[in-house]
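Close look at the chain arrangement
Single-letter residue listing:
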Amino acid sequence: MHFSFTSCAAAALLACSALGANAADKFPASPVRMLVGTPAGGTTDVVARLIAVKMADTLGQTVVVENKPGASGLIAAESVAKANADGYTILMAPSQLATYRALYPSTTFDPEKQLLPLGLVATSPYVMVVHPSLPVKTLPELIAYAKANPGKISYAGSTPGSAQHLGWDMIKRKTETDMQYVPYKGTSALMPDLLAGRLQAGIDNVAILTPYIKSGQLRGIAVTSASRAALLPELPTVAASGVPDFRAMGWFGVFVTGKVPPDVLTALRNAVRSAVAAPDTRDKLTGLGAEPQAGQADELAALLHSESTVWGKVIKDGNITLQ
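Cut-offs and rules
- Residues numbered from 1 in each chain as written.
- Predicted model: local features only at pLDDT ≥ 70, side-chain atom pairs only at ≥ 80, totals over all residues.
- Heavy atoms only, no water.
- Helix = DSSP H or I, 4+ residues; strand = E, 2+ residues; numbered from the N terminus.
- Buried < 20%, exposed > 50% of the residue type's maximum accessible area, 1.4 Å probe, protein only.
- Polar contact = N/O pair within 3.5 Å; in protein donor to acceptor, adjacent residues only side chain to side chain.
- Contact = heavy atoms within 4.5 Å.
- Core = buried A, V, L, I, M, F, W, Y, C linked by side-chain atoms within 4.5 Å.

Attention shifts here to the side chain of serine 72. For serine 72, the location among the structural elements is in the loop between strand S2 (63-67) and helix H3 (74-81). Since its relative accessible area comes to 10%, serine 72 is described here as buried. Here proline 160 takes part through its backbone oxygen, which lies 2.2 Å from a polar atom of the side chain of serine 72. When neighbours within four sequence positions are excluded, serine 72 is seen to be in contact with Gln96, Tyr100, Tyr104, Thr159, Pro160, Gly161 and Leu322.

Laid out in structure tokens, this is it:
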């Protein structure tokens with residue numbers, strides 16, 4: 001049997017090329033970016049960093065959280081939608097993702113068509129608060145005060161177009177009250193004014209506002225969920241406080257741009273499920289006042305669709321638009 005040096009070298013080169021291709025095909029081969037459309041310090045950012053650490057354990061690569069605020073989170077969401085379809089850029093999105101199509105009529109961005117859900121992480125109720133200087137202790141008292149003092153109560157909730165903003169707008173229209181919404185770039189931006197009393201009322205995730213309620217810096221008046229919140233069991237729901245059938249919940253889900261390869265999509269979805277399933281992750285989410293979910297992609301897809309329908313109607317009925 002005869003072997004030539006040339007044929008052996010060619011065979012070796014072919015084998016090395018095959019190994020190199022397999023290594024290059026393995027996902028992820030470098031760090032993954034997780035974009036967050038709100039400033040650091042807000043609930044979405046906190047949840048993102050918690051999930052990113054656990055996803056990194058499963059993927060074997062660092063997941064770097066990058067805050068990219070602007071246009072109520074639309075900039076970050078669009079950036080992920082337009083990213084290379086390689087799975088290296090993902091999005092931690094809050095519930096306001098469901099509002100963009102209705103809020104920004106000029107945008108061509110459609111979350112349901114341009115993003116693929118990786119998994120639903122958690123849901124969280126909101127809590128309505130007032131500064132202690134405002135002479136009200138319940139939602140009915142706030143409504144009565146607002147009717148007696150039209151336009152004199154200023155309030156805020158996260159960013160314009162968020163479920164916090166739209167939820168309060170729904171309450172105003174249901175109760176026929178006149179209160180002034182003040183736009184901010186995020187929870188961290190509005191908190192100094194709220195705590196100082198320059199802003200009289202607010203609404204945000206229980207995770208953010210509970211410590212201030214417990215310390216007496218703010219006064220909780222109602223939670224927006226269908227039932228009382230575990231962190232604030234003493235507070236009634238909005239529905240039980242004179243606004244029947246009202247319910248608004250925050251949620252957090254992870255997405256990736258469409259058209260990623262099936263193996264990459266599977267790897268990312270497995271990483272999200274593993275992150276949410278970790279006992280310490282669930283404990284930390286519960287400590288934030290959130291309800292951990294199962295990290296399922298189909299649940300996130302269904303939630304995005306239903307929320308888009310609900311908030312789309314609120315936005316249309318209230319003639320609310322952002323540009």
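A separate point is the nonpolar core. Residues Leu91, Leu97, Leu139, Leu142 and Phe255 are the most contacted members of the largest nonpolar core, which totals 50 residues. Ignoring anything within four residues of it in the chain, the contact list for leucine 91 reads Leu35, Ala76, Ala77, Val80, Leu97, Leu115, Gly253, Val254 and Phe255. Grouped together as the second largest cluster of nonpolar side chains are 34 residues, Val47, Ile51, Ala52 and Val121 included.

Residue placement: arginine 219 occurs in strand S8 (residues 219-223). With 99 residues separating them along the chain, arginine 219 and leucine 120 place their C-alpha atoms 31 Å apart. Among all residues touching arginine 219, those that are not within four sequence positions of it are Met128, Val129, Val130, His131, Pro132, Leu134, Val136 and Lys137. Among the polar contacts listed, one links the side chain of arginine 219 to the backbone oxygen of leucine 134, at a separation of 3.1 Å.

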